[in-house]
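Structural description and commentary
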2 protein chains.
Amino acid sequence: MTVHQQAAEARVAAIELAAATRAEKDAALLLMAERLVERTDDIVAANAVDTGNARDGGQPESMIDRLTLTPERVAAMADGLRQLAALPDPVGDVVRGSTLANGLELRQVRVPFGVVGIVYEGRPNVTADAAGICLKSGNAALLRGSGSAMSSNAAIVSVLRKAIADSGLPANAVQLLDASTRDSVKELMRARGLVDVLIPRGGASLIKTVVEESTVPVIETGVGNCHVYVDEAADLEKALGVVLNSKTQRLSTCNTAESLLVHSALSESFLPLVIEELINAGVTIHGDPRAAAFDGVVPATAEDWGKEYLSADISLAVVDSLDDALDHIRRFGTGHTEAIVSESTTAVRRFAARVDAAAVMINASTRFTDGGEFGFGAEIGISTQKLHARGPMGLPELTSTKYIVTGNGHTR
Amino acid sequence: MTVHQQAAEARVAAIELAAATRAEKDAALLLMAERLVERTDDIVAANAVDTGNARDGGQPESMIDRLTLTPERVAAMADGLRQLAALPDPVGDVVRGSTLANGLELRQVRVPFGVVGIVYEGRPNVTADAAGICLKSGNAALLRGSGSAMSSNAAIVSVLRKAIADSGLPANAVQLLDASTRDSVKELMRARGLVDVLIPRGGASLIKTVVEESTVPVIETGVGNCHVYVDEAADLEKALGVVLNSKTQRLSTCNTAESLLVHSALSESFLPLVIEELINAGVTIHGDPRAAAFDGVVPATAEDWGKEYLSADISLAVVDSLDDALDHIRRFGTGHTEAIVSESTTAVRRFAARVDAAAVMINASTRFTDGGEFGFGAEIGISTQKLHARGPMGLPELTSTKYIVTGNGHTR
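Conventions used here
- Residues numbered from 1 in each chain as written.
- Chains lettered and ligands numbered in written order.
- Predicted model: local features only at pLDDT ≥ 70, side-chain atom pairs only at ≥ 80, totals over all residues.
- Heavy atoms only, no water.
- UniProt positions renumbered as here; feature names shortened; annotations may be inferred.
- Salt bridge = Lys/Arg side-chain N within 4 Å of Asp/Glu carboxyl O.
- Least-squares fit on C-alpha atoms with pLDDT ≥ 70 in both.
- Contact = heavy atoms within 4.5 Å.
- Axes fitted to C-alpha atoms, helices over the stretch in contact; angles between N-to-C directions.
- Helix = DSSP H or I, 4+ residues; strand = E, 2+ residues; numbered from the N terminus.
- Parallel < 35°, antiparallel > 145°, perpendicular 65-115°, else oblique.
- Left-handed = near helix turned anticlockwise from the far one by under 90°.
- Buried area = accessible area lost by both parts, 1.4 Å probe.
- Polar contact = N/O pair within 3.5 Å; in protein donor to acceptor, adjacent residues only side chain to side chain.
- Nonpolar A, V, L, I, M, F, W, Y, C, P; charged D, E, K, R; others polar.
- Pairing = 2+ DSSP bridges.

- Per an unreviewed UniProt entry, chain A carries the name Gamma-glutamyl phosphate reductase and comes from Pseudosporangium ferrugineum.
- Its UniProt record, at the heading Function (unreviewed entry), says of chain A: "Catalyzes the NADPH-dependent reduction of L-glutamate 5-phosphate into L-glutamate 5-semialdehyde and phosphate. The product spontaneously undergoes cyclization to form 1-pyrroline-5-carboxylate."
- According to the UniProt record, the Sequence similarities (unreviewed entry) comment for chain A is "Belongs to the gamma-glutamyl phosphate reductase family."

If you want it as structure tokens, here you go:
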């Protein structure tokens, strides 16, 4: 079946799904969870095919670990679906409402997008997560996972589709696209009119391709060249904690800090301290000339400032003012998360107003930019674009709105 | 100057504008209004160049009328700016806020997009409107008007820029792009990273080009193939009023009805009546076989069902059920405005839930889909896409959001 045919079937399913009640959707999610657990052996067996192929292909152990499904990981996928069932349904929420002077009743209500395409890499647990989030928000999902997880994804989607059908909703609400060829991504990107939104989740090159070539509207997710700026008025203890946590709490996430900016007034007090602690934590520091004067700091190249390392590396620049820090961030930031550490309300206010990013952290780690941390309960990704959704995207971000205007024969 | 250079200057201006207070922006809007009135003679003289060229080019009188600026029309432009000053500022609105379990304070606040590109046709008054709406919402505007209004637009923008600068805001907040060549539109569409959003306002072909070729995110506006469905449970008097008003109150707008669907149960009661009244109102009816059996109804071709006539024409189909009407709308609608006339709460509920459009009118004219009618005070266009904004776009729709998270040295 072509992507176009699958998308056409998704559209039909989306009509039913948009009209489904919360009770119907939650029942489907709970059955999906139950079936995943029941069919754990089949899923793990299918996963063994993928991990076997990865091993034969000489993939690194870290990649194979990410790909591996154990009974515990299948149970965690099921738990994720149960948690979704417990979340409020965004569909039907009245966003705005009023009665106009002429008596017309105006309501702006949340409605599903319709058909959502998701292109993702790596871990097969994303398949269940994405299917569940789309279903809860009333959207049909077209899932294009990684070629390396083909067998696992096929097994998971087969279980989910059966559960959805058995609960009385259309099985075509969740469909897996062919991951053996890039053509399926291309077809998906050109399916304007059938697919309402496309969400690429993955590396910078995937996101760039989708953004440039898609005629379907795209929600761009997550390249994060996140900065921590330590202001001259910073509490140095808080600063040290925030810098280390932002960089080292987890290295490979988009909300990990990749660049540190330190006010030059702190060149003797804070700078040697933070350099020492970062090096002790195993981080390689790529410093500008003022930072590279310290032992153990590697001189930064021009490329370092724009890099999302996703590793135990950080770039470090000494800046002479808050505005210099803002200029630097404006030039090299990716609009994800920018942090300031300062006790000065004036500095904090100026930074928060002028930095152009999805999230601004004031005296807090960049690692907090996360749907779970924000209390959204579920997250489909972190948008770094300004249109529609910015920052962690929960269920409401997977909806559009519709104006419903009720009159009694009203005319103009 | 190239579009790229202009966009780069707009970005710089946008930083200042984003931080401007409501008082500063309103003062600028009032000065812009005052100066437009003071410089009426210059503007009207510049406009005479455009209308002269249009006349020499053999343009129809209706086009020349739309192009013409009189002192009254300049005064109306100024009034529009004054009305904008009176509207609340969307920037800084807290959309969502909470204190997390760990004490972090989370606020999602409205912020300007940054730089907004607007490509529009026809009337030069759009220039002042668009500049004002962007300025009030804290965005720098890159305006690419019609070649036919070049001289008028240049005069208007020159006055506005001077007023903005004199009020202390950056003049580059409003810039006019070269309208003598299509290249400026192309450059604008490729200025990703400099331009945050592109809004095409104009005919279907302009919108299609921009949607397909732009790498800058687009908000699609307004092709409207709007339907009125008259249900078997309709009040016939209300139905007649709604149909006639939707079609004939103004012919050339995107919220004008272009297609009428009548339930077959009304073939003898309502159908002859509405046909007669439409013909009396000078409307040409393009009917399906059952409708074309009536005197004066022209048989519809396959193309008629998808047409946005923008003229005294309407297509007319007889349908056997509400679901047939929904199928027809799903096939031919453009997601703008769809109306139902019915006294049945069940029918109304099903129609409102299942029709996929920016606005659903229940016993009301399609002509109500309008920012002014909805009480938004200002409108930059009517979005027919589902991402970000759907339906009439007021000031809040010209903003994005930013999460501001305040801690006290919080780490994960």
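1. Concerning the pattern of salt bridges
- In this structure the tally under the stated criterion is 48 salt bridges over all chains.
- Each of Arg11(A), Asp196(A), Asp356(B), Lys386(B) and Arg390(B) takes part in salt bridges that share partners, so that together they form one network.

2. As for the relation of the copies chain B and chain A
- Once chain B is rotated about the relating axis by 180 degrees and shifted along it by 0.0 Å, it coincides with chain A to within an RMSD of 0.0 Å. This pairing of chains is accounted for by a two-fold axis. Ranked by how close their C-alpha atoms come to the rotation axis, the residues of chain B are headed by His388(B), at 1.8 Å.
- A share of 100% of the interface residues of chain B reappears at the interface of chain A, consistent with the copies meeting face to face through the same patch.

3. Here we look at the packing of helix H2 (residues 22–38) of chain A against helix H7 (residues 150–166) of chain A
Residues and elements named next belong to chain A.
- Closest axis-to-axis distance for the H2/H7 pair is 8 Å, and the angle between their directions is 135 degrees. On the basis of their axis angle, the class for H2 and H7 is oblique. Remark: the crossing between H2 and H7 carries right-handed chirality. Within the contact between the two elements, H2 uses Leu31, Met32, Arg35 and Leu36 and H7 uses Ile156, Val159, Leu160, Lys162, Ala163, Ile164 and Asp166.

4. Re the UniProt feature "domain: Aldehyde dehydrogenase" (unreviewed entry) in chain A
- Cross-referencing UniProt, the feature "domain: Aldehyde dehydrogenase" (unreviewed entry) maps to residues 3–278 of chain A in the present numbering.
- Secondary structure content for residues 3–278 of chain A is 51% helix and 16% strand, while the C-alpha to C-alpha distance between its ends is 48 Å.

5. Things to note about the interface of chain B and chain A
- Counting from both sides, the interface comprises 69 residues of chain B and, opposite them, 69 residues of chain A.
- Roughly 5900 Å² is buried in total at the junction of chain B and chain A, and carbon and sulfur atoms are behind 53% of that figure.
- Between the two partners, chain B and chain A, sit twelve salt bridges.
- The closest approach of N and O atoms between Arg11(A) and Asp356(B), which form a salt bridge, is 3.6 Å.
- At the surface where chain B touches chain A, the tally comes to 47 residue pairs in polar contact (both at pLDDT 80 or more).
- Per element, the largest residue contribution to the side of chain B that touches chain A is eleven residues, and it comes from strand E16 (residues 399–410) of chain B.
- Taken together, the residues of the side of chain B that touches chain A break down into 32 nonpolar, 18 polar and 19 charged.
- Two elements, strand E16 (residues 399–410) of chain A and strand E13 (residues 359–364) of chain B, share five bridges in a ladder whose sense is parallel. Across the sheet, Tyr403(A) pairs through a bridge with Ala359(B), a residue of E13(B).

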